[in-house]
Amino acid sequence: MPDLSALALNAAHQISTSELHGAVCGIATCAVDPFPLQTLVDLLGVALLTDETAVSDFVAATLDDLLAADMSFTPLLPDDDAPLPLRLEALAQWCGSFLAGLGAALGEELVEGVSGFDDLPDDVKELVRDFAALTEIDVDETDAADESEEAQLVELQEFVKVGVLVIASTLHGEWRADDAEHHSG
């Protein structure tokens, strides 16, 4: 997989790579083939997406990661050597952008029979609520992290990863095999 961070857009000073990744993943849980690029542009603003090739490359790499048969998908967050508060803040931003992308895609009625939060299955509603709670993580101002805080962050990241895969498969049934074939070809 290409380095998603290296594919960050020219407008990275306006939105973090984690936020962009979250938004793309949120939209992708509703539509992968074809990916509704206009929904992303409408969500983030046309001025933010200044390099069409970089946007397309980033979206394609994100979709490849999300659709990976080995389920190796993971939210794009700062490396483990980054300070814990920075990684917590990035996870909160990722979740917020994921929810914004999901909401934008639901507003476009990209999933049959689902036009908003109220139409989502109960298990997806619960995950959406959990992700919303994660957007309100209280980031400590300290750079030091003990092992238990580090372990909690790893658990939260794994929860988000699995949650995204559950949301996508719930909204698309057997989406992975079908969409991976269409997306690759």
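Scroll up for the structure.
Note that residues are indexed from 1 along each chain, following the sequence as it is written. Local features in this predicted model are restricted to residues of pLDDT 70 or higher, and side-chain atom pairs are both shown and tallied only at a pLDDT of 80 or more, whereas totals for entire chains, interfaces and linings draw on every residue. Only hydrogens and water are removed before side-chain values are computed, so all heavy atoms of the structure are retained for them.

**Quick word on the environment of Ala92**
(1) Moving on: What counts as a helix is a DSSP run of H or I of at least four residues, what counts as a strand is a run of E of at least two, and both are numbered from the N terminus. By secondary structure assignment, the location of Ala92 is in helix 4 (residues 84–107).
(2) Moving on: What makes Ala92 buried here is its relative accessible area of 10%.
(3) Moving on: Note on contacts: a residue pair is in contact if any heavy atoms of the two residues lie within 4.5 Å. Beyond its immediate stretch of four places on either side in the chain, Ala92 contacts Leu134, Thr135 and Ile137. Relative accessibility under 20% of the residue-type maximum defines a buried residue, over 50% an exposed one, and the middle range a partly exposed one, all with a 1.4 Å probe and only protein chains included.

**Some words on the packing of aromatic side chains**
(1) Moving on: Note on aromatic pairs: the rings of Phe, Tyr and Trp (six-membered ring only in Trp) are paired at centre separations within 6.5 Å, and the planes decide the class, stacked below 30 degrees, edge-to-face beyond 60, tilted for the rest. Applying the stated criterion across every chain yields a total of three aromatic pairs.
(2) Moving on: Each ring, one from Trp94 and one from Phe98, has its centre 5.4 Å from the other, and the planes form 10°; the classification is stacked. In this pair, Trp94 and Phe98 are both assigned in helix 4, four residues apart and thus about one turn of the helix distant. Each member of the pair, Trp94 as well as Phe98, is classed as buried.
(3) Moving on: Relative to Phe159, the ring of Phe131 lies with its centre 6.2 Å away and its plane at 70°, an arrangement referred to as edge-to-face. Taken together, the residues span a long stretch of sequence, with Phe131 in helix 5 (residues 122–134) and Phe159 in helix 6 (residues 147–172) at a distance of 28 residues.
(4) Moving on: The exposure class of Phe131 is buried, given its relative accessible area of 0%.
(5) Moving on: Taking the relative accessible area as the measure of exposure, Phe159 reaches 33% and is therefore partly exposed.
(6) Moving on: Among the aromatic residues, those joined into a cluster by ring pairs are Trp94, Phe98, Phe131 and Phe159.
(7) Moving on: In this arrangement the basic side chain of Lys125 is found over the ring face of Phe117, its NZ or CZ atom lying 5.9 Å from the centre. In this analysis the charged atom, NZ for Lys or CZ for Arg, is taken to sit over a ring once it is within 6 Å of the ring centre and within 35 degrees of the ring normal.

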